[in-house]
Amino acid sequence: MPVMSYVRNAWYVAGWSQDLAAEKPFAITVLGERIVIWRTAAGNLHALEDRCVHRLAPLSLGRCEGERLRCMYHGLLFDPDGKVAEIPGQELIPARAQVRRYPVADRHSWLWVWMGDPALADQGLIPAAVGLDHPDYILGHGQLDYAAEARLINDNLLDFSHLTFVHAESFGAGPQFAATPGRITPIERGIRYERWTENSMGSSSRRSEVPMDSFMSYDFVIPGILLMTGGVFPLGTAKACDYGQPDYSKAVSGVTFTSQAVTPMEGKTARYFFSWGPHRNHGDEAQRDLLMGIAAKAFAEDKTMIEAQQRVIDDTPNPQVMPTAHDRGVTLFNRLVEKLAREEQREQSEAA
Amino acid sequence: MPVMSYVRNAWYVAGWSQDLAAEKPFAITVLGERIVIWRTAAGNLHALEDRCVHRLAPLSLGRCEGERLRCMYHGLLFDPDGKVAEIPGQELIPARAQVRRYPVADRHSWLWVWMGDPALADQGLIPAAVGLDHPDYILGHGQLDYAAEARLINDNLLDFSHLTFVHAESFGAGPQFAATPGRITPIERGIRYERWTENSMGSSSRRSEVPMDSFMSYDFVIPGILLMTGGVFPLGTAKACDYGQPDYSKAVSGVTFTSQAVTPMEGKTARYFFSWGPHRNHGDEAQRDLLMGIAAKAFAEDKTMIEAQQRVIDDTPNPQVMPTAHDRGVTLFNRLVEKLAREEQREQSEAA
Amino acid sequence: MPVMSYVRNAWYVAGWSQDLAAEKPFAITVLGERIVIWRTAAGNLHALEDRCVHRLAPLSLGRCEGERLRCMYHGLLFDPDGKVAEIPGQELIPARAQVRRYPVADRHSWLWVWMGDPALADQGLIPAAVGLDHPDYILGHGQLDYAAEARLINDNLLDFSHLTFVHAESFGAGPQFAATPGRITPIERGIRYERWTENSMGSSSRRSEVPMDSFMSYDFVIPGILLMTGGVFPLGTAKACDYGQPDYSKAVSGVTFTSQAVTPMEGKTARYFFSWGPHRNHGDEAQRDLLMGIAAKAFAEDKTMIEAQQRVIDDTPNPQVMPTAHDRGVTLFNRLVEKLAREEQREQSEAA
Ligand code: FES
Ligand code: FES
Ligand code: FES
């Protein structure tokens, strides 16, 4: 379990869009880098290194002035591209008076920040999350701070066999869930998990009166975004579609969507963002609240386990894992991350 | 004051037996090693390394199943000898799927764990503490966590001259107590302290109406166990028994027993366990409660002093002590510990 | 921004004189050194290294006995010069049984401790602060602990352009304040700041009904003592005295004095002491309370900014500042400190 790199050329979730009021600069540390994000009165979004060039005060304690941000220690004024526009009491502005700019985007109700080369910041790489305003879904949302490395949360989300144990009393997946693996397939920048459960009465979040086939599937993509859907289908659907993706218009109940994002903050802290709720045809606000109640319990279970795991790892001189059959998704994803991170580092050292 | 080793081939107190409910795994760190101890429904006691071989979750968050313990992250099931018995979703169990087992015993109301070579775990080495259920004594008990190295607590217990100063207002030993040393004798795996106070009215815990001779004596043995008794005797007894051990059946009052144990947890934390109370012939429940009240005050005084001492040591680049005449017990005991620790390390490196 | 040295041959403020009750030893860490200061029943002031030679317990937990201080762990008794006078239970006192003594003085309502060579402890070097009992001033006082290096607080006090930004809502200095620099002059062991504001209605602490000239001036001297006065004068005074020091007997209002002291404690903590209030001819107790209310708000603003700045610095691998025109005082003072600190180190290594 050597320290794992993270991919820099990726969009990381920095917050919920609705939580960023205009002209209220917001500080977040991503991949160990302090960033200030602000929305101007005109509605534009900017992100800079949160560290004044003068005496290193955080710009997030600053004041918005039009599109600019003023350091409120001694008043240096920064353009949104990071250049210093004004130094009180001084005419000349040195060429090096500049902080780093981060590309930033507001999409699917999340604020995304690009940690890599700004020239490569393609908004087409933003994962297809479902925003809180999506017309088809009724979503609740939340976030949790972890005293643990982001990679441990990723590992958790990449191996759903933990549902049987960690979530025995919340999601209510029985022992048979861990006994058989889901199908894992590599996809562009991530992995796909698919799982049919045939002839069952469902789980706590998708209970059924008569035996049905139920399906769940998620993509987990770089840097740590989970996009999951599923639903309950008439008995026989699994076999009829050869255990592949079903036609969701045939779902009889329980179609939901959840977007989840894991953002590495400092070395051993992370922020976890999530939404969940039913498709309009399969639920209402009450059903959403029921799901959010289950999620609150389940995500607290994960946090207890993962933070405890982190403490054990921290106390272990040379920590080694012993992967099992269920770790296929973990292994595929982490290998992909390491491959991309290595390539980035190679490109960077070639450029230098 | 170089970092002192601790002896590994020794029984360390891990807790009060009565605090360990059946099927409720309990986590404690001893000598920097995370250990899970559990009692099965059948009443058996087991102790394992508290670190799953899979992804290092703590087994103390696990679930008891018969004599086994299941990791509740992804469900690996552990035999009480540390071997993995089951991996959900996987047939083959790798040979290396095993955690360390610790010998563990329930004796004298304490749970004892053996930190050294399991082959040498002789229960005959468990010190002769007095359990809460001992027919002769009416004992109260408690425990305290220290933000200090165990060795500093040992040093405190090995030099009773501190009673005059630290406990001026609790135990009430006067200045003459520190002016003259007790008798210190080396014993098997420890030291013995004996002290007669002739022609006195006693201390706060052994007050007397007429002048008497009073005696106190304790053994302090590896790894850090104090076993103390004493009582008040007719004037002249000290001389009559040549300042040696008295015949306790001749005691007129104040016979008590206390068992105390110091367990090193992490590098600079320790847990201190203690019981105290009168012999049935010399006191009752009310007397026990009085003694426990004095102990609560006195042990808080020790904790304040020792934790402050630890902070000073931590701020001192090259800390050096200057031993005094009262340090004979400290010096003898610490030399013994270092000798045994060195021998253990030599044996270990020869075996390797 | 390399780690800056501090001058050792200087008087550091260790506390408010009135807060040190007789025979109540007081612990403070200055320049990373633990010191115990006590006042005897006879009224004498002593300061020693706060670390017993025996087993390193803090002497600040000790008991005053006449001019002496007894370690309340095992009872070693210390003379005010640091020598051990008594070891309970032992005749011989080793020659090395001694802790360091610090010269200490009670002056201008502050306790001052000399951190350098005791032979050089000239009380003439104590800066001319204004004590709480000064007949001309009605002073309030307080103190604040910082989770930041002392030098960052010094930097703050050496560049008053921050008033326009940090204190926009407390001291109420407008933008023009930061637009033009004050006059900075090197003085013995420090710098002097002087500033005339002509034809103005004053600031929140010196408001005026008609346009006036107002003056403020402070000395900032080693190790980190600010002594500031100022007042409001008839229009034309600035020009009439050629922008130099005015004759304070001509002031029409607003004459106040503030003494402030910054004491480095551990590496990244500091204690900040301050008094402020009007001259008797220009205010009363109510005016003092008004000023202290403004100070409470303003000093909390500084603390928020400086502690945030410290956290950013701590997270920055190789922190560099970019000085501006307003940094002249900062630069002069820090160069002086570094020069003196270097000289001290040279003298010390030559002596060794
Ligand atoms: S630190 Fe930003 S202006 Fe001085
Ligand atoms: S960490 Fe124990 S089963 Fe996965
Ligand atoms: S530590 Fe001070 S007398 Fe023992």
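Structure shown above.
Keep in mind the model is a prediction, meaning the values are calculated, not measured. (Residues numbered from 1 in each chain as written. Chains lettered and ligands numbered in written order. Predicted model: local features only at pLDDT ≥ 70, side-chain atom pairs only at ≥ 80, totals over all residues. Heavy atoms only, no water.)

Engineer: Help me understand the pattern of salt bridges in this model?
Structural biologist: Between side chains of opposite charge, a pair can form when the charged atoms approach closely. A complete count under the given rule lists 63 salt bridges over all chains for this structure. The partner of R271 of chain A in a salt bridge is D145 of chain A, and the shortest N-O contact between them spans 2.6 Å. With a gap of 126 residues between them, R271 of chain A in strand β17 (residues 270-278) and D145 of chain A in strand β11 (residues 140-146) connect regions that are remote in the sequence. According to the relative accessible area criterion, R271 of chain A is buried, its value standing at 15%. D145 of chain A gets classed as partly exposed once you look at its relative accessible area, which sits at 36%. Each of R55 of chain A together with R151, D155 and D327 of chain C takes part in one network of salt bridges that share partners. (Salt bridge = Lys/Arg side-chain N within 4 Å of Asp/Glu carboxyl O. Helix = DSSP H or I, 4+ residues; strand = E, 2+ residues; numbered from the N terminus. Buried < 20%, exposed > 50% of the residue type's maximum accessible area, 1.4 Å probe, protein only.)

Engineer: What's the story with the interface of chain B and chain A in this structure? I'm lost.
Structural biologist: One widely used convention gives an interface's size as the accessible area the parts lose upon coming together. Between chain B and chain A, the residue contacts involve 24 residues of the former and 31 residues of the latter. Across the interface of chain B and chain A, roughly 2,400 Å² is buried in total on both sides, 61% from carbon and sulfur atoms. Of all residues in chain B, R55, L56 and Y73 of chain B give up the largest surface area on contact with chain A, accounting jointly for 32% of the area buried on that side. In this assembly, chain B and chain A are joined by 3 salt bridges. D155 of chain A is paired through a salt bridge with R55 of chain B; the nearest N and O atoms lie 3.5 Å apart. Residues of the side of chain B that touches chain A, tallied by class, amount to 12 nonpolar, 5 polar and 7 charged. (Contact = heavy atoms within 4.5 Å. Buried area = accessible area lost by both parts, 1.4 Å probe. Nonpolar A, V, L, I, M, F, W, Y, C, P; charged D, E, K, R; others polar.)

Engineer: Sorry, what's going on with the relation of the copies chain B and chain A here?
Structural biologist: Here the two chain copies are tied together by a rotation about an axis and a shift along that axis. Between chain B and chain A, which share one sequence, the superposing operator has a rotation angle of 120° and an axial displacement of 0.0 Å; the RMSD is 0.0 Å. Put plainly, the chains are arranged around a three-fold axis. (Least-squares fit on C-alpha atoms with pLDDT ≥ 70 in both.)

Engineer: Looking at this structure, I do not really get unusual backbone geometry. What am I missing?
Structural biologist: Across the chain, the bulk of peptide bonds are trans and the bulk of non-glycine residues have phi less than zero. Of the consecutive residues I222 of chain A and P223 of chain A, the connecting peptide bond is found in the cis state with omega at 10°. Here P223 of chain A shows up in the loop between β14 (212-221) and β15 (225-233). Of note, the phi angle at S109 of chain A is positive, near 70°, even though the residue is not glycine. Even without glycine at this site, L31 of chain C takes up a positive phi of about 50°. Positionally, L31 of chain C belongs in the loop between β2 (26-30) and β3 (33-39).

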